[in-house]
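Fold and contact review
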Amino acid sequence: MVRILISSRFVVVLLGSALLAGLGSAPVFGKEKLPVPQWGVDAAKTPIPGYVKDADAVILFDEYVETIDAQGRAVEREREAIRILKPQGRNNTCEVSYDVDEKVNYFRAWTIAADEKRYQAQDTDFVDEGDTGVPVMLSTRKYRVAHPPAADVGAVEICESEELMEPYLQEKTWSIQNGVPVVFQALEVDLPQGRAHTEAWHSFKGVTPVEVAPNHWRWEVKDMPALVLRNIPSPPVWAALAARMSVQWGDAAVVGKDNQWKAIGQWVTTLEANRPDPSPEISAKAQALVAGAPDFYTKLSRITESIQKDIRYFVVMRGIGGLQANHASDIFRNRYGDCKDKTTLLISMLQVVGIHAFYVPVDDRRGVVDPDEPSLVGNHMITAIEVPADVTDPRLKAIVKGKDGKQYLIFDPTNERTPVGNLPSYEQGSYGILAAGASSQVIALPVLDPKANGAERNGAFALAVDGAISGSVDNSYIGPAGGEWRYRLKDSDLKEQHDHLEQMVGREIPGVTLESYKFVEPDALDKPVELHYKLTAHEYARTVGPLMLIRPRVIGSDTLPSDEKPRTVPINLNATGHWHDSYDITLPDGYAVDELPDPVNLDLDFASYHSSFSTKGKVLHYERDYTVRKVELPAAKEAEFAHLEGVIGSDERATAVLKRQ
């Protein structure tokens, strides 16, 4: 399985909270003296198309052939040719990943240099790299990376590999878009007689396959542009936009997307069967936690907070362990686990107290899981908790309704700082697989009401005759906004907290001095995080003769970047929420307000913004409310979004004029 290291930004991760695990026995590479294969010679002659423009490299040829045996196991061959166009393009090379359940039959690489000389990579030109991308993970997956000789500007790198794939996966996700253009690419799936297949496309119209031999199918895609999000403000994540195609040849190769999702969910259900079975120790702990609990929410919160706080997040991945959780008893005894382990223990403890819960494979990058592309694409596992029909608690915000009419509370036990009932902003608006046996289905994760997230900021300031300002700010953060502060407090010391806060305030008020600060972090996750600080800034106001110019919005900026260029990708608003600011500025002796900015009242379907300015005696008062109702907008909303950001920016910079009496 050869991949582009830098240009291929999308890596398929299946059902774990990190990359899949495993380490196969490494074969010997580069020992045989072999000429450049004819397919590589032909690919190197491909002219550079005009649309390549400023790319660092271009993929001239990329072909996968999946040969499936009677048990559904695949042997994958890939052939790839990459032309280096700029010095930076030398970072684009080929790799093969393998684990304990896979075997690399061969991996070869050559270079046709700019002067047409030909070179073959030797054993010393291949490097083994461990799976070290996640610091809290021990993974047995390895990556063998080719660094062929003479790979410089104008050269063509040519790579070929063959690999025996995992026996338990019966799908192929074909990433057809990269960070560099692709001139020609193809996928072949050679199936045994009588075995069916299905295909589904993401961010691409799709092409019709050709049956090149009985039950041997070939798809070809030509002239795929690079997906480059550089200089595009507020974009979705790269992997949500990149074109890809999934082919199923196992139980999910059935007619109808709903049936395909159901089959995938049933596979997950079977894979995790009996993993949540409670041990006596788990049963005793769960019963002790809920003893005396007055309602459904209290039962949930006691168990979920126990798992969030007491089970350390740590990943040990080996082979199918990247997909299959450990047994609940082991997780409880060892006090650590990854996302699917935390979900397993949660399901187990809830089972003890009579609450049903289910696995939900997702991706923590909004838009990656596509309801129109049934597949195991994803990188995370969360939980769906069945809520009885007679339970209506406003604290249970993240509820969705299944096709069976049941209501499910979506909860992420891996996120240690977001309380049950709420949901991290990065998961809202995504999709997941409700793995509930025969009731399995793809479900839309909820987008929460703005009241579930946001901040309240109240400030009291005094302005001096020389333009200096001093005062205090009281902040209260709820929902995911509070969760973000909890994570920062957990992962930083006092100096780091001070420096971050001073930099944050300094971006709003140049030359500010942070006099003091205090965080209040309640043990209960559903309580707001408070931040109180005092500041002083010289030359905050500007004096012009008898006039003094001052910005009433002292602290806090809520703008997102936008531009006026035609937009082709959706707009990522990050999170729904409500933010309220209220600031009082006591004016210096001898000054009175001469002119105030105009109030702002803007209401759109996805957001609203209101601000007001007023005076009472010697106090200048500023107040604003900003509400975001959606997490993402279509590109067609760019004009409205830019208008909103322009209005917010103008209001934040608005100046009040004071006049000396």
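Small disclaimer: the values here were computed from a predicted structure and weren't measured.

1. A look at the sheet that holds strand β30 (residues 542-544)
- Taken together, the 4 strands give an open sheet; going across it, the order is β30-β31-β39-β34, and neighbouring strands pair in antiparallel fashion. Strands at the two margins of the open sheet, each flanked by one partner only, are β30 and β34 (591-595). Strand-to-strand twist in this sheet, taken as the mean axis angle between neighbours without regard to direction, amounts to 35°.
- Relative to strand β39 (residues 656-660), strand β31 (residues 547-550) runs antiparallel, the two being bridged by 4 bridges. Residue pairing for β39: Met-548 is matched across the bridge by Leu-658.

2. Considerations on the side chain of Ser-348
- With respect to the element layout, Ser-348 can be found in helix α7 (residues 339-352).
- Given a relative accessible area of 0%, Ser-348 falls into the buried group.
- In this structure Ser-348 touches Pro-276, Asp-277, Pro-278, Ile-282 and Ala-328, once residues within four positions along its chain are discounted.

3. As for the packing of aromatic side chains
- All chains considered together, the criterion is met by 15 aromatic pairs.
- Relative to Phe-204, the ring of Trp-201 lies with its centre 5.7 Å away and its plane at 40°, an arrangement referred to as tilted.
- Geometrically, the ring pair formed by Tyr-609 and Tyr-626 is edge-to-face, given 5.9 Å between the ring centres and 65° between the ring planes. Here Tyr-609 is found in strand β36 (residues 607-616), whereas its partner Tyr-626 is found in strand β37 (residues 619-628), with 17 residues between them in sequence. Like Tyr-626, Tyr-609 is buried.
- Through successive ring pairs, a cluster of aromatic residues spans Phe-461, Tyr-583, Phe-613 and Tyr-622.
- Seen from the ring of Tyr-64, Lys-172 lies directly overhead, with NZ or CZ sitting 3.8 Å from the centre.

4. Section: the sheet that holds strand β16 (residues 244-248)
- If you trace the 3 strands from one edge of the open sheet to the other, you get β11-β16-β13, paired in antiparallel fashion. Only two strands of the sheet have a single partner each, and these edge strands are β11 (171-175) and β13 (198-202). Going from strand to strand, the sheet's axes swing by 15° on average, the running direction of each strand aside.
- As paired strands, β11 and β16 are joined by 5 bridges and run antiparallel to one another.

5. Re the pairing of strand β21 (residues 380-387)
- With 8 of 8 residues buried, β21 lies mostly within the body of the structure.
- Going residue by residue along β21, you find His-380, Ile-382, Ala-384 and Glu-386 tucked away on one face and Met-381, Thr-383, Ile-385 and Val-387 tucked away on the opposite face as well.
- Inspection of the sheet shows strand β20 (residues 357-362) paired to β21 by 6 bridges, in the antiparallel sense. Each residue of the ladder has a partner; that of Pro-361, found in β21, is Met-381.

6. Side note on helix α8 (residues 479-490)
- For α8, which comprises 12 residues, the first-to-last C-alpha distance of 17 Å matches the rise-based estimate of 16 Å (1.5 Å per residue) to within 8%.
- Among the residues of α8, Gly-479, Pro-480, Ala-481, Gly-482, Gly-483, Trp-485, Arg-486 and Leu-489 are the ones counted as buried.
- On its buried face, α8 is in contact with β26 (454-463), β27 (469-478), α9 (494-508), β28 (512-520) and β29 (529-537).

7. Observations regarding the environment of Pro-480
- Structurally, Pro-480 is set in helix α8.
- Classification of Pro-480 as buried rests on a relative accessible area of 6%.
- Sequence-wise, Pro-480 and Asn-91 are 389 residues apart; in three dimensions their C-alpha atoms are separated by 37 Å.
- Filtering out sequence-adjacent residues up to four positions away, Pro-480 remains in contact with Asn-422, Leu-423, Pro-424, Ser-425, Gln-428, Ala-452 and Asn-453.

8. As for the pairing of strand β9 (residues 142-146)
- When you tally the buried positions in β9, you get 4 out of 5 residues, the bulk of the element.
- Judged from the 4 bridges that link them, strand β4 (residues 94-98) and β9 form a sheet pairing that is antiparallel. Note on β9: the bridge partner recorded for Tyr-98 is Lys-142.
- Taken together, the 5 bridges between strand β7 (residues 126-130) and β9 define a ladder with antiparallel strand orientation. Paired with Val-127 across the bridge in β9 is Val-145.

Calculation rules
Residues numbered from 1 in each chain as written. Predicted model: local features only at pLDDT ≥ 70, side-chain atom pairs only at ≥ 80, totals over all residues. Heavy atoms only, no water. Pairing = 2+ DSSP bridges. Helix = DSSP H or I, 4+ residues; strand = E, 2+ residues; numbered from the N terminus. Axes fitted to C-alpha atoms, helices over the stretch in contact; angles between N-to-C directions. Buried < 20%, exposed > 50% of the residue type's maximum accessible area, 1.4 Å probe, protein only. Contact = heavy atoms within 4.5 Å. Phe/Tyr/Trp six-rings, centres within 6.5 Å; stacked < 30°, edge-to-face > 60°. Lys NZ or Arg CZ within 6 Å of the ring centre and 35° of its normal. Expected span 1.5 Å × (residues − 1).

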